[in-house]
Each structure stands twice: as structure tokens, then as C-alpha cells.
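Residues per chain, in single letters:
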Amino acid sequence: MTRQSLYRRHPDLLVEWGENGKLVLVDCGSWRKFTVKPELLELLSLLDQPRSAPDVHGAWASSSRPEEEVWRLLERLAEAGIVARAVPDDASVSKHPDAAPTPEADARRDAAVPGPDGAPPAAGWTPYELAVHAQASRSGVPAQLRGTPPSARLVHTEALERIPLPEGATASSRPLDRVLAERRSVRRYHSGPVPLPLLATLFARTARVRGYLPPLKYEQTQRAAPSGGARHSLELYLVARDVDGLTAGAYHYDPFDHALEHLAPWDEELADLQRRTLCVPMREEQPPPASLYLTSCAYRTGWKYQGMALSLIYRDTGCLMQTLSLVGTDIGLATCLTGRVEAPMTPSFLRPYRDRLVHVGNMALGLPTTTPAAPQLVPLTTDKEPQRA
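Reading guide: rules and limits
- Residues numbered from 1 in each chain as written.
- Predicted model: local features only at pLDDT ≥ 70, side-chain atom pairs only at ≥ 80, totals over all residues.
- Heavy atoms only, no water.
- Pairing = 2+ DSSP bridges.
- Helix = DSSP H or I, 4+ residues; strand = E, 2+ residues; numbered from the N terminus.
- Contact = heavy atoms within 4.5 Å.
- Axes fitted to C-alpha atoms, helices over the stretch in contact; angles between N-to-C directions.
- 1 Å grid on protein atoms, 1.4 Å probe; cavity = no way out; pocket = protein on both sides within 12 Å on 5 of 7 lines; lining within 4 Å.
- Points joined across faces, edges and corners; volume = space filled by probe spheres on them.
- Nonpolar A, V, L, I, M, F, W, Y, C, P; charged D, E, K, R; others polar.
- Buried < 20%, exposed > 50% of the residue type's maximum accessible area, 1.4 Å probe, protein only.
- Core = buried A, V, L, I, M, F, W, Y, C linked by side-chain atoms within 4.5 Å.
- Salt bridge = Lys/Arg side-chain N within 4 Å of Asp/Glu carboxyl O.
- Polar contact = N/O pair within 3.5 Å; in protein donor to acceptor, adjacent residues only side chain to side chain.

Q: Is there a simple way to explain the sheet that holds strand β5 (residues 51–52) in this structure?
A: One key point about sheets: their strands pair by backbone hydrogen bonds, in either a parallel or an antiparallel sense. An order of β5-β1-β6 is seen for the three strands of this open sheet, with the pairing classed as antiparallel. The open sheet terminates on both sides in strands that have one partner only, identified here as β5 and β6 (83–86). Pairing analysis gives two bridges linking strand β1 (residues 6–9) to β5, with the strands arranged antiparallel. Paired with L6 across the strands is S52, a residue of β5. Relative to the sheet, helix α3 (residues 67–80) contacts β1 and β6, its axis offset from that of β6 by approximately 105°.

Q: Before we go on, may I ask you to explain the sheet that holds strand β16 (residues 334–338) in this structure?
A: Read from one edge of the open sheet, seven strands run β7-β14-β13-β11-β15-β17-β16, paired in antiparallel fashion. On the outer flanks of this sheet lie β7 (161–164) and β16, each paired with one strand and no other. With strand direction ignored, the average angle separating the axes of adjacent strands in the sheet is 30°. Against the sheet, helix α8 (residues 268–282) contacts β11 (234–240), β13 (249–254), β14 (259–265), β15 (290–297), β16 and β17 (357–366), and its axis sits at roughly 75° relative to β17. Where helix α10 (residues 309–331) meets the sheet, its contacts fall on β11, β15, β16 and β17, and the angle it forms with β17 comes to roughly 15°.

Q: Please clarify how empty space enclosed by the protein should be interpreted in this entry.
A: In this approach, a probe sized like a water molecule rolls over the atoms, and the result shows the empty space that is left. Tallied over the entire structure, the rule returns three cavities of 30 Å³ or more. By volume, the largest cavity is sized at about 160 Å³. Looking at the largest cavity, it is lined by 15 residues, and the ones nearest its centre are A207, R223, H232, L234 and L320. Elements that contribute at least two residues to the lining of the largest cavity include exactly β11 and α10. The element that contributes the greatest number of residues to the lining of the largest cavity is β11, accounting for three residues. Taken together, the residues of the lining of the largest cavity sort by class into eight nonpolar, four polar and three charged.

Q: Would you explain the environment of G302 in this entry?
A: Secondary-structure assignment places G302 in helix α9 (residues 299–305). Among the residues examined, G302 registers a relative accessible area of 16% and is labelled buried. On a C-alpha basis, the gap between G302 and P150 in space is 9.7 Å, while along the polypeptide they are 152 residues apart.

Q: Which parts of the structure should I look at to understand the pairing of β17?
A: A regular strand carries its side chains on alternate faces of the sheet. In terms of burial, β17 is largely enclosed, as nine of its ten residues are buried. Note: β15 against β17, eight bridges, orientation antiparallel. By the bridge assignment for β17, C297 is matched with L357. Across five bridges, β16 lies against β17 in antiparallel orientation. Residue pairing for β17: T335 is matched across the bridge by L365.

Q: Where do I start with the nonpolar core in this structure?
A: Within soluble globular proteins, side chains that are nonpolar tend to cluster in buried spots. One finds F203, L238, L246, L260, L292 and L333 to be the most contacted residues of the largest nonpolar core, which totals 34 residues. When residues of this core are traced back to their parent elements, those giving at least two are α7 (196–206), β11, β13, β15, α10 and β17. Residues A53, W60, A78 and V83 belong to the second largest nonpolar core, which totals 22 residues.

Q: Which parts of the structure should I look at to understand the pattern of salt bridges?
A: A side chain of one charge can pair with a side chain of the opposite charge if their charged atoms are brought near each other. A full pass over the atoms with the stated rule returns 22 salt bridges. Put simply, R65 and E69 hold a salt bridge, and the shortest N to O gap is 2.9 Å. Owing to a relative accessible area of 33%, E69 belongs among the partly exposed residues under this scheme. Residues participating in the shared-partner salt-bridge network are R153, R162, D254, D257 and E261.

Q: Help me out: how do you make sense of the environment of G147 in this one?
A: As for its placement among the helices and strands, G147 is situated in the loop between α5 (127–138) and β7. In this structure, the C-alpha to C-alpha distance between G147 and W303, residues 156 residues apart in sequence, is 8.6 Å.

Q: Whenever I open this one, the side chain of H359 confuses me. Can you help?
A: Position of H359 among the secondary structure elements: in strand β17. Look at H359 and you get buried, because its relative accessible area is 7%. Engagement of the side chain of H359 in a polar contact is seen with the backbone oxygen of G361, the distance being 3.1 Å. For H359, the side chain forms a polar contact with the side chain of N362, separated by 2.8 Å. Discounting chain neighbours no more than four positions away, the residues touching H359 are T277, Y293, L294, T295, R340, V341, E342 and M345.

Q: Would you mind going over unusual backbone geometry with me for this structure?
A: One can expect most non-glycine residues to show negative phi and most peptide bonds to be in trans. Residues P214 and P215 are joined by a peptide bond in cis, for which omega reads -5°. Residue A343 is joined to P344 through a cis peptide bond whose omega torsion reads 0°. Among the structural elements, P344 can be located in the loop between β16 and β17. A positive phi angle, close to 55°, is found at E219, a residue other than glycine. Tracing the chain through its elements places E219 in the loop between β9 (211–213) and β10 (220–222). Even without being glycine, A230 reaches a positive phi, approximately 55°. Positionally, A230 belongs in the loop between β10 and β11.

The structure is reproduced here in C-alpha cells:
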């Protein structure tokens, strides 16, 4: 490589604090870690765009290294995968004898090539997403669970009132294959209120606790939707704008007592919450008569699974969302899920719990205006050439 070769810091790098105050670079794609000096961070900050060694030498204000040494340093960083080379397509460019690329370095440079149809390298992952994924793949169940496990039950002692939900199904279930075939995401709802017994059935069939799993000290429960380690960290909050038999406001579903805890009356904040988390992502102006604000009491899962807790919580959320969608379809509710999440959470009624809960998803709920029509699907047998991943 020549001194006119271009270098850019690898996009998958993050910086963390190591032991004894040392700075550590983490390659979130390969999960390799490098202890670095503060001086190197200044160099990497200059490589947010491709630069040659002479450019870097001129811009690196705090360094007294000669240009030759800066170039050799950039080559060593390229071999380590901390920076990527952008070499001119010129056959006359010869490689420096001390910088022969390794197969691993070649593979890393190939990985930076955009994918088909202009797709970004690495499928567009951010280093933070790669870090979470890598952490999940390297963290398992600890050899010995430490401390007292967190309770599987969250009780809002500050609730304005507790409202027992009606028992018994309001509708008989249909064959599963029909429910699967009829499931739709519905974004427009009947103008009338949602009957409370219908919501009670939805909660009972999807989230109600059926019992504890032994040993009791682990606070493991059995529910309709699966959860990693039976930890069941998810908590459901009902935002009721127009529910027949229920005062408009915010509620927490207690899956142990099958009851609602009234947390706050309806106000403009709740209306804005529905707009931001539902109407905007659904691209609809009219808010639904009811919605669910899904949260996770993350430490329930983290107590057992530590570094892979977040990935498990996301998977648990997907399982519960699917269960809610299918049960809603079965009992005649129109539903639509949205992935818009808030970090940190904004609802005032959850302010005391912002250090314990994280927001993970939403669901709009209502009665369908008519029987949802089957979507217009394009047949799989078309003349279009199939795309290859």
C-alpha cells in the first residue's frame, strides 16, 4: 500500500471503559477487543471519512509522529481490522512488504462492499445492534444464580382503584387454521366502544397466570405465551379511550388476580401517547378506542440470563404479540401492532417505575368496521426473477 491509500475507521467500533480506567475498543462484528491509548481515539476521530496518511498527519494536531510513522500505524490498524483500507484501483500500486494483508483482513474488506441493489454493508446494522446481538450469543445461564429472584408480580399500590374483570369466555374459539388464515392488521375501527368483557377475554387467554412452576423460590410462572426461563417479564398497560364499562384512563393488568388497576384518568397526555405510539406509525389520524402499552420488568429476565436478557425480552415480546393478535382475531377484535418504543418511557403514570420498566411495543384495539377483507395478494408464480439474499 502507498501513502496515498485511503483509510477509514471500521464502522462497527464502539468504545467502553475497561479495568483500571483503560479505554477499550470493541469490534461489535467480531467481538474482538483492543486496549488503546487516548491518542489513538483522536486518530480514529479523524477517520470518519477516507483519508490518506499525509492528510491524517497534517490533521493530527496532538501527535508529533513523522508522516512515515503515521502511515505504518494506519497499516497496522488496517491489519488489525480497526480501520479499513480504500485502495485505488490501480495495478501499479504495490503493497508495502511489511503490510501483507491476512486472509482475515481481506475478508473484512470484502464485508465492507455494498450488497445487491445498493444494500449497505453488513445489512445496515448499527454497531449498537451488533453489540447487543454479540452479547446475547456469548452470555448464557450463570453456573449459580445469585441473590433473591425478583417477584413475578408487579402490584401498583398507588392505583386509584382495582377493578375485577369478568370471568368466562365471551366467545367460543374457532379452529386454529381459520384464525391463522383470518388474522389481519386492522388500522381503522368502529366508532363504538370496545366491550369490557371482550378485553377481559383477551387478557385471560393471552397473559393470565395459570400457576407457579417449581421451585417456587425462582418465581417462575406458566402463561399462554412462552417466555425464556419462564421469567415472564412483560407487563401490560391498557390505555382506554372508549371502553364500555370502564372509565377512560390508563390501567395495569394484574395477571394474578385477573383485574385492572386504575392508574390515571384520561387526559391530553394519554391522547398524545396514542398519537405518537400508534397513529403516527400506523399513518392514521383517528386513534383507536383502546390500546396496549407493553413494558418489560427487565430484571426478571436479567436475574437469570444476565447479558442476553434484552434479546430474550425482545423474543418474549414477539411471542406475546403473536398470541395477542391471534386471540384478538379469534374473539372478533381488530388489532394492529406497532414497534414504536420510547426510551425513556414518557407516561406520567409510570414515572415511579422508570428504573424498573422498559417500553417494548404497542397494540391498537377496537371493533372492526366490517368483516376485514382478504388482502389482494400477488401470486408467488410470477415472471419476476426471484431475489437472492
